[in-house]
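Descriptive structure summary
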Amino acid sequence: MSHTSRQIKVIDSHTGGEPTRIVVSGIPDLGSGSMSERSKVFREQHDWLRSSVANEPRGHDAMVGALLLPPHHPENLCGVIFFNNTSTLHMCIHGSVGLGVTLAHMGKILPGPHRVETPVGVITLTLHEDGAVTVANVPSYRYRAQVAVEVPEYGKILGDIAWGGNWFFLIQDQGPVVRRENIAELTAFASAVKRALAEQGITGENGEEIDHIESFGPPIDATLADSKNFVLCPGHAYDRSPCGTGTSAKLACLYADGKLQAGQTWRQAGILDSVFEGRVTPVEGLTVIPHITGSAWITGESTYVYDESDPFRHGIPTLI
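Throughout what follows, the structure given in this document is the object of discussion.

Rules used in this analysis
Residues numbered from 1 in each chain as written. Predicted model: local features only at pLDDT ≥ 70, side-chain atom pairs only at ≥ 80, totals over all residues. Heavy atoms only, no water. Core = buried A, V, L, I, M, F, W, Y, C linked by side-chain atoms within 4.5 Å. Buried < 20%, exposed > 50% of the residue type's maximum accessible area, 1.4 Å probe, protein only. Helix = DSSP H or I, 4+ residues; strand = E, 2+ residues; numbered from the N terminus. Disulfide = S-S within 2.5 Å. Pairing = 2+ DSSP bridges. Right-handed = clockwise from strand over helix to strand, strands pointing away. Arc of directions from axis to C-beta. Contact = heavy atoms within 4.5 Å. Salt bridge = Lys/Arg side-chain N within 4 Å of Asp/Glu carboxyl O. Axes fitted to C-alpha atoms, helices over the stretch in contact; angles between N-to-C directions. Parallel < 35°, antiparallel > 145°, perpendicular 65-115°, else oblique. Nonpolar A, V, L, I, M, F, W, Y, C, P; charged D, E, K, R; others polar.

Residues Phe-169 and Phe-230 are the most contacted members of the largest nonpolar core, which totals 59 residues. For this core, the leading source of residues is helix 4 (residues 183–199), giving 8 residues. Ranked by size, the runner-up nonpolar core spans 17 residues in total, among them Trp-48, Met-63, Ile-81 and Phe-83.

On to the environment of Gln-7. Note on placement: Gln-7 falls in strand 1 (residues 4–15). Judged by its relative accessible area of 46%, Gln-7 is partly exposed. Put simply, Gln-7 and Thr-303 are 296 residues apart on the chain and 6.6 Å apart in space, counted from C-alpha to C-alpha.

Per the counting criterion, the structure on display carries 0 disulfides. The structure places no disulfide on Cys-92, whose sulfur is separated from the nearest cysteine sulfur, that of Cys-243, by 7.4 Å. Among the cysteines around Cys-253, which has no disulfide bond, Cys-243 carries the closest sulfur, lying 13 Å off.

Of all 6 residues making up strand 13 (residues 227–232), 6 are buried, and the element is well covered by its neighbours. What you see with strand 13 is no split at all: Ser-227, Asn-229 and Val-231 on one side and Lys-228, Phe-230 and Leu-232 on the other are buried throughout. Pairing between strand 12 (residues 212–217) and strand 13: 5 bridges, direction antiparallel. Within strand 13, the position partnered with Glu-214 by the bridge is Val-231. The pairing of strand 13 with strand 14 (residues 266–269) spans 2 bridges and is parallel. Each bridged residue has a counterpart across the sheet, and for Lys-228 the counterpart in strand 14 is Ala-269. Chirality of the crossover, the property in question, places the unit of strand 13, helix 5 (residues 244–256) and strand 14 among those that are right-handed.

This paragraph deals with helix 1 (residues 35–45). Considered for burial, the residues of helix 1 that qualify are Met-35, Arg-38, Ser-39 and Phe-42. Along the long axis of helix 1, the arc covered by the buried residues comes to 105°, so they all point the same way. Turned more than 90 degrees away from the buried face of helix 1 sit Glu-44 and Gln-45, all of them exposed. On its buried side, helix 1 packs onto helix 2 (47–54), strand 3 (64–69), strand 4 (78–83), strand 5 (88–89) and strand 6 (112–118).

Scanning all chains against the criterion turns up 7 salt bridges. Here Asp-12 makes a salt bridge to Arg-21, at a shortest N to O gap of 2.8 Å. Of the two residues examined, Asp-12 and Arg-21, each falls in the buried class. Across the pair Arg-142 and Asp-257 runs a salt bridge, and its minimum N-O distance is 3.0 Å. With Arg-142 in strand 9 (residues 141–151) and Asp-257 in the loop between helix 5 and strand 14, this residue pair connects regions lying 115 residues apart in the sequence. Residue Arg-142 is classed as partly exposed on the basis of its relative accessible area of 21%. Put simply, Arg-142, Asp-160 and Asp-257 are held in one network by salt bridges that share partners.

To continue, consider the packing of helix 1 against helix 2. In a packed pair of helices, the relevant descriptors are the angle between the two axes and the axis-to-axis distance. Two elements in contact, helix 1 and helix 2, have axes separated by 5 Å at closest approach and are oriented at 80°. Here helix 2 runs roughly perpendicular to helix 1, going by the angle between their axes. Across the interface between the two elements, Phe-42, Arg-43 and Gln-45 from helix 1 touch Asp-47, Trp-48, Leu-49 and Arg-50 from helix 2. For the contact of helix 1 with helix 2, the per-class residue count stands at 3 nonpolar, 1 polar and 3 charged.

In this section: the environment of Gly-95. Here Gly-95 is to be found in helix 3 (residues 93–105). Judged by relative accessible area, which is 0%, Gly-95 ranks as buried. Considering only alpha carbons, one finds Gly-95 and Leu-110, 15 residues apart in sequence, at a separation of 18 Å. Beyond its immediate stretch of four places on either side in the chain, Gly-95 contacts Thr-20 and Phe-82.

Limitation: the analysis is restricted to geometry and does not speak to function.
Written as structure tokens, this is what we have:
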């Protein structure tokens, strides 16, 4: 006999290989505050939902989830809170592309621009006729350039600290070569860098944790991309896509160095060689609004059943 006490419905997609699982019904009441306030309520009072969606046995370490919520301000389409296998996320662009495709799949939007609230600000999703989505991100900028960190077994590593909706440490042509066959080595390298940053007190602005590490190298095919990256996300999983917030951080650094002009296209390949296209609009000083374009595909719809007799109905916590 089933002792079901709750059901939730999700729609799955992937953006350039990186999964997004959007919870579209069955979300507990998080109040009517801003997405930042609701994210705090979700994180502190309903973490079972995050864990049950993103972690095994329903999910896996690379799963990124999202809650589809009513907006705080009625002029916006909706709100969204992103999360992964360990906690909530500030922002997620591959997930925002997935959100756009999911909303279209649900019949809630047509091609054109749509404003969406996130915990770090309002973004604009533009659904194109061909199904691609462009995300106008939150303002992004480089915080510090060429910061040195001493990493055991690797020596001194230089990187830029930049905000693209999450905090990144961006490393160019250091460590293992950025190729798919080096994923294990790249994961070990990025993990060591992340630990060293924390141990040496190197942070983003206002002491915020740098929770994403991004390594860059040349693309496999320069006719298709300008760069290739590997991104280690919070929770110790690597991003299968080119990482939209990481691409935003990269664009901000390129703009600050005078290597990217307003409106110029940058093609960022990820570790699987899927590509995001990006450009920037200057805001003030060296702060920019990144515009990231990618494609996502719906992979399924599910109803999750929570049987009270199931000891793992709320997921198996990730150990990192």
